[in-house]
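As a plain string of letters, each chain reads:
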There are 2 protein chains.
Amino acid sequence: MSQLSPLRLGIAGLGTVGTGVVKIVRQQAALLSARAGRDVVITAVSARDQSRERGVSLSGYAWESDPVALAKRDDVDVFVELIGGDSGPAKDAVEAALASGKDVVSANKALLAHHGQALAEMAEIAGHVIRFEAAVAGGIPVIKSLLEGLAGNEITRVMGVMNGTCNYILTNMEKSGRGYNALFDECAELGYLEADPNLDVGGIDAGHKLALLASIAFGTQVDFDAVELEGIQRIELQDIKHAADMGFKIKLLGVTQMTGRGLEQRMTPCLVPDTSPLGQLDGGTNMVVIEGNQVEQIVLRGPGAGMGPTASAVMGDIMDIARGNRVPTFGVPAAKLVKATPAMAASTAPFYLRVGLMDKPGAMAKIATILGDAGISIDRMRQLGHVDESAPVLIVTHKCMRQSLDHALEAMSKTDVLTTAPVALRIENL
Amino acid sequence: MSQLSPLRLGIAGLGTVGTGVVKIVRQQAALLSARAGRDVVITAVSARDQSRERGVSLSGYAWESDPVALAKRDDVDVFVELIGGDSGPAKDAVEAALASGKDVVSANKALLAHHGQALAEMAEIAGHVIRFEAAVAGGIPVIKSLLEGLAGNEITRVMGVMNGTCNYILTNMEKSGRGYNALFDECAELGYLEADPNLDVGGIDAGHKLALLASIAFGTQVDFDAVELEGIQRIELQDIKHAADMGFKIKLLGVTQMTGRGLEQRMTPCLVPDTSPLGQLDGGTNMVVIEGNQVEQIVLRGPGAGMGPTASAVMGDIMDIARGNRVPTFGVPAAKLVKATPAMAASTAPFYLRVGLMDKPGAMAKIATILGDAGISIDRMRQLGHVDESAPVLIVTHKCMRQSLDHALEAMSKTDVLTTAPVALRIENL
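Residues numbered from 1 in each chain as written. Chains lettered and ligands numbered in written order. Predicted model: local features only at pLDDT ≥ 70, side-chain atom pairs only at ≥ 80, totals over all residues. Heavy atoms only, no water.

Trainee: Could you give an account of the overall build of chain A, with specific residues and numbers?
Mentor: Summing up its helical and strand segments, chain A has 14 helices and 16 strands in all. For a compact globule of 430 residues, the expected C-alpha radius of gyration is about 22 Å, and chain A comes in at 24 Å, within 12% of that figure. C-alpha atoms of chain A, sized along the principal axes, occupy 80 × 45 × 35 Å. Out of the 430 residues belonging to chain A, those deemed buried represent 59%. By sequence separation, contacts in chain A at least 24 residues apart represent 73% of the contacts at least 6 residues apart. Just so you have it, chain A exposes about 15,600 Å², and 49% of that area is on carbon and sulfur atoms. Where the 39 positive side-chain charges of chain A centre and where its 49 negative ones centre are 3 Å apart. (Helix = DSSP H or I, 4+ residues; strand = E, 2+ residues; numbered from the N terminus. Rg over C-alpha atoms; globule rule 2.2 N^0.38 Å. Buried < 20%, exposed > 50% of the residue type's maximum accessible area, 1.4 Å probe, protein only. Contact = heavy atoms within 4.5 Å. Areas by Shrake-Rupley, 256 points an atom, 1.4 Å probe, with all protein chains shown as cover. Lys, Arg positive; Asp, Glu negative; His and termini not counted. Charge placed at Lys NZ, Arg CZ, Asp CG, Glu CD.)

Below, the structure is given as structure tokens:
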């Protein structure tokens, strides 16, 4: 093993994660070499700003201002894409790397969620691999667990809390009693939000991750467009309090499972039991739950972001390539990944509803009638006192289909008794 | 990939786990083939009793009554050792398999904890691999996570609850209010105990697992004899109650870390905060916590035993071999694994002490004096009412070295004021 040539990395993108990877390669060279059976070295790097102080020396590395040029260099074996974005330079550079005979390691969930199938096919034809552990749940080796450790299982369900910012907001709303907007502003100040905050609070970032896990779990082509997405922007303190009264926490929860009607993928705020592992997950930590026909249930928990944890995941992929471990991008050859029929919320569940009702006679009756007409029966219902002509009504339904509920919500919106659009949250009894 | 020849398994040992593996290979053949890029087949099996009904067909497999003969067969690529035991047929057959050019997959923690270094060296010289995911924490892909996913980390600490039977007894003592002996008998009836129950309740089985994780984490030769071992047999209901009053649970906790004085490995009953992930772990579930300089902390949780979960781990190893993933047994070449200096309990901690005191003047003073003389200061102390001339005294110490405490306990045993040997449990503030 020790006579193998060094593995040469070209790193594109020297933000937090890229800098973290450079630090590991420089500071832990002996450890990496012992474990890989060969040296792991950086030959060239690329970023937008060469002069920026990054707290780590880049001496000895060639500088490329164009990541595509970096991807094509003859002295690079593995192209490490830490640029981000689902198109533009990241995509161009990854394609250039595969076309010019490199393996690729990427932390880019948006790129893979949108172009994973095409890139996997391209890698396969070229005889190269794409690895992306850092794209899902930060430092948690969840892709490796699903793709390799649990390869003897028919996977039945994957669930997870995979956006630390959303979980930070939701858990701190409960702990501090401050509202969504205050916590959102705090996250902005702390640098916890993406440049486009809707990626976080709109559930898009977490939806990207879920789509990648679904592909590996079920051998299907990545289909981010089929993910049922809902953000946390409309969650109010009173929702969190009422959920707590019933023994639940509100989490932005991803769930994917193969049903008789097709592939279910959803990333939506849900009520989960406060005693469940997912319910107990506080702050910015991520958790992924994998269920398989043999293993029953595995729960993986760890930091979902940050320099060290994300760089750790990138290095895990690099070390696999250094050791000669080569697995198809999504676990089976790209040509064999099947196109799944999307099944929007195919499974029934009870729902928590909050409806702002006008203070006039017959208002409550209208709402109850609409639910009854939609075939939805009410488990519990409670009307709170009026504030400014509006009274919140809280309803917990018996199990129903999301579609039936959506029809009922639409019918409610056509009445003249609502003061605000209703909030409907699925209750997951894990 | 699809033109690769089938991977041929020889399975020795057809108990629960072996039967589970046969079922997966027979019932999920298409899935395994798609993921591995080649067929995975069984060519021969071996067990003590050929006539036993196992609920799965063995037709088409050659039968060998001698596992060594199975290990030497020309039509076997991977020898799957599910016999158990740290010597005898399991060891003979694994050695024969390596000597005759086979890779080995084993679920045998005792064998690897006692002979891991010698076997790893033998495998390396032969150019073959030994994989043993199923030997540690059942279905949880903990070895894969540590060995591969976190290969970019300097591992700082590994902790875990890794014996489901002990955790079942301890959590059910608290829930049901029944004593240790009643729960032990229940476990015997339920088939939760090893043939030699001391392997479970004496902490030996969990100690084997800890020694294997320590080797991978720190690049050291497996050294089970250096594990500080203590069982759960002396834990009483009152210990569990007093721990609960202080906000702790009692767990059989494994901890290994590299300290300035050497490698610390201990598997002992400890008090852990009841709000920590380890404290919240109920019943037969296992949990492993891995801390690294980059990843911070990863928590892995899942079933520690049972047919499906253990067979899942065995299949994960088989699938790696089928895919050509080959990593040294303990993560670095066997010849590079270093002999660590054992550091028995090198780190200080507060301790919980329960001392049975005779009902005579000056008894309490003697105990307090002995602790003071050993340099151990008392944080809290409480004497309960006398029962049959004996009064339990509960003491929580400030941080001290285990060695100092052991000296004090020895001094106490030489007095004439004790009614029972003291119980001393480390308090881990995770």
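Anyway, onward from the coordinates.
Trainee: Any chance you could break down helix H2 (residues 29–36) of chain A for me, citing the residues and the numbers?
Mentor: An α-helical turn contains 3.6 residues, so any two residues separated by three or four positions project in the same direction. Regarding H2(A), the residues found buried are Leu32(A), Ser33(A), Arg35(A) and Ala36(A). Of the surrounding elements, those touching the buried residues of H2(A) are helix H1 (16–27), strand E2 (40–46) and helix H12 (307–323) of chain A together with strand E7 (155–161) and helix H10 (204–218) of chain B. Phi turns positive one or two residues past the end of H2(A), at Gly37(A), with a value near 75 degrees.

Trainee: How would you sum up empty space enclosed by the protein? Please name residues and give values.
Mentor: Taken as a whole and assessed by the stated rule, the structure comprises three cavities of 30 Å³ or more. The computed volume of the largest cavity comes to approximately 90 Å³. What lines the largest cavity is simply Pro277(A), Gln280(A), Met287(A), Val299(A), Arg301(A), Pro277(B), Gln280(B), Met287(B), Val299(B) and Arg301(B). Among the elements of the structure, strand E12 (296–303) of chain A together with strand E12 (296–303) of chain B are those that each provide at least two residues to the lining of the largest cavity. (1 Å grid on protein atoms, 1.4 Å probe; cavity = no way out; pocket = protein on both sides within 12 Å on 5 of 7 lines; lining within 4 Å. Points joined across faces, edges and corners; volume = space filled by probe spheres on them.)

Trainee: Outline the pairing of E2(A), listing residues and values.
Mentor: All names here are of chain A. In terms of burial, E2 is a largely internal element, six of the seven residues being buried. As paired elements, strand E1 (residues 7–12) and E2 share six bridges and run parallel to each other. Following the sheet pairing, glycine 10 is matched in E2 by alanine 44. As defined by bridge partners, E2 adjoins strand E3 (residues 62–64) across three bridges and the pair is classed as parallel. Considered in E3, the bridge of alanine 44 is made with alanine 62. (Pairing = 2+ DSSP bridges.)

Trainee: Got a sec to walk through the interface of chain B and chain A? Specific residues and values, please.
Mentor: Opposite the 49 residues of chain B that make contact, chain A presents 49 residues. Together, the buried faces of chain B and chain A total about 4,100 Å²; carbon and sulfur atoms form 52% of this surface. Summed over the shared surface of chain B and chain A, the result is two salt bridges. As a salt-bridge pair, Lys144(B) and Glu148(A) come within 2.7 Å of each other at their nearest N and O atoms. (Buried area = accessible area lost by both parts, 1.4 Å probe. Salt bridge = Lys/Arg side-chain N within 4 Å of Asp/Glu carboxyl O.)

Trainee: I'd like to hear about the pattern of salt bridges, residue by residue, with values.
Mentor: Across all of its chains, the model carries 56 salt bridges over all chains by this definition. Across the pair Arg426(A) and Glu428(A) runs a salt bridge, and its minimum N-O distance is 2.9 Å. The salt bridge involving Arg402(B) is made with Asp406(B); its shortest N-O contact spans 3.1 Å. Of this pair, Arg402(B) and Asp406(B) both sit in helix H14 (residues 402–413), separated by four residues, roughly a single helical turn. Judged by relative accessible area, Asp406(B) falls into the partly exposed class, the value being 33%. It is possible to trace a salt-bridge network through shared partners that takes in Arg131(A), Lys144(A), Glu148(A), Asp317(A), Asp320(A), Arg131(B), Lys144(B), Glu148(B), Asp317(B) and Asp320(B).

Trainee: Which residues make up helix H14 (residues 402–413) of chain A, and what values go with them?
Mentor: Residue and element names in this part refer to chain A. Relative to the 16 Å expected for twelve residues at 1.5 Å per residue, H14 spans 16 Å between its end C-alpha atoms, a close match to the ideal helical length. Burial in H14 covers these residues: Arg402, Leu405, Ala408, Leu409 and Met412. Buried residues in H14, looked at end-on, bunch into an arc of 120 degrees, giving them a common side. Structurally, H14 contributes buried residues whose contacts are with strand E8 (228–229), strand E13 (351–358), helix H13 (363–373) and strand E16 (418–427). (Expected span 1.5 Å × (residues − 1). Arc of directions from axis to C-beta.)

Trainee: Pulling in residues and values, what's your account of the state of the cysteines?
Mentor: Per the stated rule, a full pass over the model turns up zero disulfides over all chains. Cysteine Cys270(A) remains unbridged, with the sulfur of Cys166(A) as its closest cysteine sulfur at 13 Å. On the basis of relative accessible area, Cys270(A) is assigned to the buried category, the value being 0%. No disulfide involves Cys187(B); its nearest neighbouring cysteine sulfur is the one of Cys166(B), lying 8.6 Å away. (Disulfide = S-S within 2.5 Å.)

Trainee: Now, about the pairing of strand E14 (residues 378–383) of chain A: what can you tell me, with residues and values included?
Mentor: All names here are of chain A. Pairing of E14 with strand E15 (residues 390–397) involves five bridges; the strand directions are antiparallel. Bridge pairing links isoleucine 378 to threonine 397 in E15. Following E14, the chain reverses through six residues before pairing antiparallel with E15; aspartate 388 in that reversal takes a positive phi of roughly 50 degrees.

Trainee: So what's going on with the sheet that holds E2(A)? Residues and values would help.
Mentor: If you walk across this open sheet you meet the six strands as E3-E2-E1-E4-E5-E6 (chain A), and the pairing is parallel. Only two strands of the sheet have a single partner each, and these edge strands are E3 and strand E6 (130–131) of chain A.

Trainee: Could you give an account of the relation of the copies chain B and chain A, with specific residues and numbers?
Mentor: Rotating chain B by 180 degrees and translating it 0.0 Å along the rotation axis places it on chain A, where the RMSD comes to 0.0 Å. Here the copies are linked by what is in effect a two-fold axis. Counting the interface residues of chain B, we find that 100% of their copies in chain A are interface residues as well, pointing to one common contact surface. (Least-squares fit on C-alpha atoms with pLDDT ≥ 70 in both.)

Trainee: Help me get a handle on the packing of helix H4 (residues 89–99) of chain A against helix H5 (residues 109–126) of chain A, residues and values and all.
Mentor: All names here are of chain A. Interaxial distance between H4 and H5 falls to 10 Å at its minimum, and their mutual angle equals 15 degrees. The angle between H4 and H5 places the two elements in the roughly parallel class. The chirality of how H4 crosses H5 is right-handed. Contacts from Ala90, Lys91, Val94, Glu95, Leu98 and Ala99 in H4 reach Leu111, His115, Leu119, Met122, Ala123 and Ala126 in H5. Partitioning the contact of H4 with H5 into residue classes produces nine nonpolar, one polar and two charged. (Axes fitted to C-alpha atoms, helices over the stretch in contact; angles between N-to-C directions. Parallel < 35°, antiparallel > 145°, perpendicular 65-115°, else oblique. Left-handed = near helix turned anticlockwise from the far one by under 90°. Nonpolar A, V, L, I, M, F, W, Y, C, P; charged D, E, K, R; others polar.)

Trainee: Quick one: what's the story with the packing of aromatic side chains, residue by residue and with numbers?
Mentor: All chains considered together, the criterion is met by six aromatic pairs over all chains. Ring geometry for Phe132(A) versus Phe330(A): centroids 5.5 Å apart, planes at 55 degrees, classification tilted. Residue Phe132(A) is found in the loop between E6 and helix H6 (142–149), and its partner Phe330(A) is found in the loop between H12 and E13; the two are separated by 198 residues along the sequence. With respect to burial, Phe132(A) and Phe330(A) carry one shared label: buried. On the basis of an interplanar angle of 90 degrees and a centroid distance of 5.2 Å, the ring pair of Tyr168(B) and Tyr192(B) is categorised as edge-to-face. Of this pair, Tyr168(B) sits in helix H7 (residues 164–176) while Tyr192(B) sits in the loop between helix H8 (180–190) and helix H9 (198–201); the two residues are 24 residues apart in sequence, bridging distant segments of the chain. (Phe/Tyr/Trp six-rings, centres within 6.5 Å; stacked < 30°, edge-to-face > 60°.)

Trainee: Which residues make up the environment of Val327(A), and what values do they have?
Mentor: In this structure, Val327(A) sits in the loop between H12 and E13. Using a relative accessible area of 2% as the deciding quantity, one classes Val327(A) as buried. For the pair Val327(A) and Leu212(A), spaced 115 residues apart in the sequence, the C-alpha separation amounts to 15 Å. Those residues in contact with Val327(A) that lie beyond four places of it in its chain are Val129(A), Leu147(A), Glu148(A), Arg323(B) and Asn325(B).

Trainee: Explain the sheet that holds strand E1 (residues 7–12) of chain B to me, and be specific about the residues and the numbers.
Mentor: All names here are of chain B. Taking strand neighbours across the sheet as the criterion, the six strands line up as E3-E2-E1-E4-E5-E6 in an open arrangement whose pairing is parallel. Each edge of the open sheet is held by one strand with a lone partner, namely strand E3 (62–64) and strand E6 (130–131). Each of strand E4 (78–81), strand E5 (103–106) and E6 is contacted by helix H4 (residues 89–99), which is oriented at about 170 degrees to E4, the strand it contacts most.

Trainee: Could you give me a rundown of the nonpolar core, with the residues and numbers involved?
Mentor: By size, the foremost hydrophobic cluster in this structure holds 163 residues, and its most contacted members are Val142(A) and Val142(B). Sequence-distant contacts of Val142(B), defined by excluding residues within four places in its chain, comprise Glu133(B), Val136(B), Ala137(B), Leu213(B), Val288(B), Ile290(B) and Leu300(B). One finds Val17(A), Val22(A), Ala313(A) and Ile318(A) within the second-largest nonpolar core, a separate group that totals 33 residues. (Core = buried A, V, L, I, M, F, W, Y, C linked by side-chain atoms within 4.5 Å.)

Trainee: I'd like to hear about the confidence of the model for chain A, residue by residue, with values.
Mentor: Mean pLDDT for chain A: 95, with 99% of residues reaching 70 or above. This complex was scored by the predictor with a pTM of 0.96 and an ipTM of 0.95. (pLDDT = per-residue confidence, 0-100.)

Trainee: Before we move on, can you summarise the environment of Val314(B) with the specific residues and values?
Mentor: Residue and element names in this part refer to chain B. Structurally, the position occupied by valine 314 is in helix H12 (residues 307–323). Of the residues examined, valine 314 reaches a relative accessible area of 0% and is grouped as buried. Between the alpha carbons of valine 314 and threonine 256 there is a distance of 25 Å; along the sequence they are 58 residues apart. Contacts of valine 314, omitting those with residues within four sequence positions, involve Val17, Val21, Val80, Leu82, Val105, Ala107 and Ala134.

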